[in-house]
Amino acid sequence: MIIKEDLDNLKDFIDDTGKELSLPTSYNSDIRLFFGHDVSVEFKSSLSNLELVRRLSKKILSLSDLFSEYAINDISLAIDEALTNIIKHSYKNNSGKIILRIKAGNAKVELEIKDFGKKGAFFNPGNIPEPKKDELLKNNSKNGFGIFLIKKIMDKINYYVCPGISNTLFMEKYSDKLLNIDGR
Amino acid sequence: MLEVKISEKKHFKKIQLNGILNAETTPKLDSVIYKISANNNCPNILMDLENLSFISSAGIGIFIGSIGKIREKKGDLRFCNVNKEVKRVFELLEMEDFFIFYDSLDEAINHFIL
């Protein structure tokens, strides 16, 4: 569980990282943290926010003390890939809102990423084929690897589409440290 | 967040990246690789990733998307100084045998001769 001091530190972390990445202040102020048993981050759909949210996710995951640095890098990569798909495909690079919820406890992290893009489903996790190398050479394909990576990294993925309301990607990964089984 | 430096070596062009390669920063590198591969008969490119701290599938997608045309022209795109975190993404995508990696720039200079 994230305590209030952690949350204050996260706010400072966002400000400092935003400055380091030379993000306009407007981007920083779009990111808000909600305190609870988990952390929810709301931000504007923009590729400019990708790196800030990835670094923030790493910070939150490290506070949970459930994962090795290796696993934290993997999970934050999965988050980057999911956000990229939402920004590019669900919002088609138009403005919109994304809510990332990170709930760490019970020896696992649950991630929920919600968007309100009009187009609905940006993927169906069950229907993504593995990249075939021979075909890649011929096709000069640059995209389509993100979902493959997410499936490889995360232990569980679900995608819920509620037309006209929201789309939610749900992902889960079990602790590789196996600490705090009581669900801190 | 991404700095791209190009330098000329005897057998290849070296592209050094400083920063991160995600969906926001990839267009910058994409146009550089495209120009080199389009304007050279035998485009040999060495990517020096010593100062690249993060790569997403969007970044690796640039290499995958351009390698076909580069190899058609009898050139190649190879890598040196790839750190563990970046190499991990190549491994997750099962692309580590798709490209040639050198541990150092010196090793690349000695072996990247087509």
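Given the structure is predicted, the values throughout are model-derived calculations rather than measurements.

### Comments concerning unusual backbone geometry
A positive phi angle, close to 60°, is found at Asp65 of chain A, a residue other than glycine. Structurally, Asp65 of chain A can be placed in the loop between helix 3 (50-64) and helix 4 (69-90). Despite not being glycine, Lys74 of chain B shows a phi value in the positive range, around 65°. Checked against the element boundaries, Lys74 of chain B lands in the loop between helix 2 (57-72) and strand 4 (76-80).

### Here's the deal with helix 3 (residues 84-92) of chain B
Taken together, the buried positions of helix 3 of chain B are occupied by Val86, Arg88, Val89, Phe90 and Leu92 of chain B. Next to the buried residues of helix 3 of chain B lie helix 4 and helix 6 (146-153) of chain A together with strand 3 (44-55), helix 2, strand 4 and strand 5 (101-102) of chain B. Structurally, the start of helix 3 of chain B carries an N-cap: the backbone nitrogen of Glu85 of chain B is 3.0 Å from a side-chain oxygen of Asn83 of chain B. Directly after helix 3 of chain B, the chain includes Glu94 of chain B, whose backbone phi takes a positive value near 55°.

### Notes on the confidence of the model for chain A
Averaged over all residues, the pLDDT of chain A equals 83, while 77% of them reach at least 70. Looking at the elements of chain A, mean pLDDT is at its lowest for helix 2 (residues 25-29) of chain A, recorded as 64, and at its highest for helix 4 of chain A, recorded as 95.

### Quick look at the pattern of salt bridges
Counted by the stated rule, this structure contains 14 salt bridges over all chains. With a closest N to O distance of 3.8 Å, Lys14 of chain B and Asp48 of chain B form a salt bridge. Of this pair, Lys14 of chain B sits in strand 2 (residues 13-21) while Asp48 of chain B is found in strand 3, placing the two residues 34 residues apart along the sequence. As a salt-bridge pair, Arg71 of chain B and Asp76 of chain B come within 2.9 Å of each other at their nearest N and O atoms. Using a relative accessible area of 28% as the deciding quantity, one classes Arg71 of chain B as partly exposed. For Asp76 of chain B, a relative accessible area of 5% puts it in the buried group. Among the charged side chains, a salt-bridge network with shared partners connects Glu20, Glu51, Arg54 and Arg55 of chain A together with Glu85 of chain B.

### Let's talk about the packing of aromatic side chains
Applying the stated criterion across every chain yields a total of 10 aromatic pairs over all chains. For the pair Phe79 of chain B and Phe101 of chain B, a centre-to-centre distance of 5.3 Å together with 25° between the ring planes defines the contact as stacked. Pair noted here: Phe79 of chain B is in strand 4 and Phe101 of chain B is in strand 5, with a separation of 22 residues, a long-range link. Both residues of the pair, Phe79 of chain B and Phe101 of chain B, belong to the buried class. Here Tyr102 of chain B and Phe112 of chain B contribute two aromatic rings whose centre-to-centre distance is 6.4 Å and whose plane-to-plane angle is 35°, an arrangement assigned as tilted. On the criterion of sequence distance, the pair formed by Tyr102 of chain B in strand 5 and Phe112 of chain B in the segment after helix 4 (105-111) is long-range, its members being 10 residues apart. Phe112 of chain B shares its class with Tyr102 of chain B; the two are buried. Cluster of aromatic residues (ring-pair linked, three or more members): Phe63, Phe79, Phe90, Phe98, Phe99 and Phe101 of chain B. The ring of Phe54 of chain B carries the charged tip of Arg54 of chain A above its face, separated from the ring centre by 3.6 Å.

### Considering the packing of helix 3 of chain A against helix 4 of chain A
Residues and elements named next belong to chain A. Running from N to C, helix 3 and helix 4 cross one another at 145°; their axes reach a closest spacing of 9 Å. Considering how the two elements wind past one another, helix 3 and helix 4 form a crossing that is right-handed. Mapping the contact onto sequence places Leu50, Val53, Arg54, Ser57, Lys58, Leu61 and Ser62 in helix 3 and Ile72, Asn73, Ile75, Ser76, Ile79, Asp80, Leu83, Thr84 and Ile87 in helix 4. Class assignment of the residues belonging to the contact of helix 3 with helix 4 gives a composition of eight nonpolar, five polar and three charged.

### Digging into the sheet that holds strand 1 (residues 32-34) of chain A
Strand pairing within a sheet occurs via backbone hydrogen bonds; the two strands may be parallel or antiparallel. All names here are of chain A. On the basis of which strands lie adjacent, the open sheet formed by six strands has the order 1-2-3-4-6-5 and antiparallel pairing. Whereas interior strands pair on both sides, the edge strands pair on one side only; in this sheet they are strand 1 and strand 5 (156-162). Here the strands of the sheet are splayed against their neighbours by 15° on average, with no regard to which way each runs. In this structure, strand 1 lies alongside strand 2 (residues 39-44), joined through three bridges in antiparallel fashion. Within strand 2, the residue paired with Phe34 across the bridge is Ser40. Relative to the sheet, helix 4 contacts strand 2, strand 3 (97-105), strand 4 (108-115) and strand 6 (166-174), its axis offset from that of strand 4 by approximately 10°.

### Thoughts on the state of the cysteines
Residues and elements named next belong to chain B. In this structure the tally under the stated criterion is zero disulfides over all chains. You can see Cys42 has no disulfide; the closest cysteine sulfur is in Cys80, sitting 18 Å from it. Judged by its relative accessible area of 37%, Cys42 is partly exposed.

### Here's the deal with the sheet that holds strand 1 (residues 2-8) of chain B
Residue and element names in this part refer to chain B. With mixed pairing, five strands are arranged side by side in an open sheet as 1-2-3-4-5. For this open sheet the edge positions go to strand 1 and strand 5, each flanked by a neighbour on one side alone. When strand 4 meets strand 5, the two strands line up parallel, connected through two bridges. Bridge pairing links Phe79 to Phe101 in strand 5. Sheet strands touched by helix 2: strand 2, strand 3 and strand 4. Its angle to strand 4, the strand with the most contacts, is close to 140°.

What counts and how
- Residues numbered from 1 in each chain as written.
- Chains lettered and ligands numbered in written order.
- Predicted model: local features only at pLDDT ≥ 70, side-chain atom pairs only at ≥ 80, totals over all residues.
- Heavy atoms only, no water.
- Helix = DSSP H or I, 4+ residues; strand = E, 2+ residues; numbered from the N terminus.
- Buried < 20%, exposed > 50% of the residue type's maximum accessible area, 1.4 Å probe, protein only.
- Contact = heavy atoms within 4.5 Å.
- Polar contact = N/O pair within 3.5 Å; in protein donor to acceptor, adjacent residues only side chain to side chain.
- pLDDT = per-residue confidence, 0-100.
- Salt bridge = Lys/Arg side-chain N within 4 Å of Asp/Glu carboxyl O.
- Phe/Tyr/Trp six-rings, centres within 6.5 Å; stacked < 30°, edge-to-face > 60°.
- Lys NZ or Arg CZ within 6 Å of the ring centre and 35° of its normal.
- Axes fitted to C-alpha atoms, helices over the stretch in contact; angles between N-to-C directions.
- Left-handed = near helix turned anticlockwise from the far one by under 90°.
- Nonpolar A, V, L, I, M, F, W, Y, C, P; charged D, E, K, R; others polar.
- Pairing = 2+ DSSP bridges.
- Disulfide = S-S within 2.5 Å.

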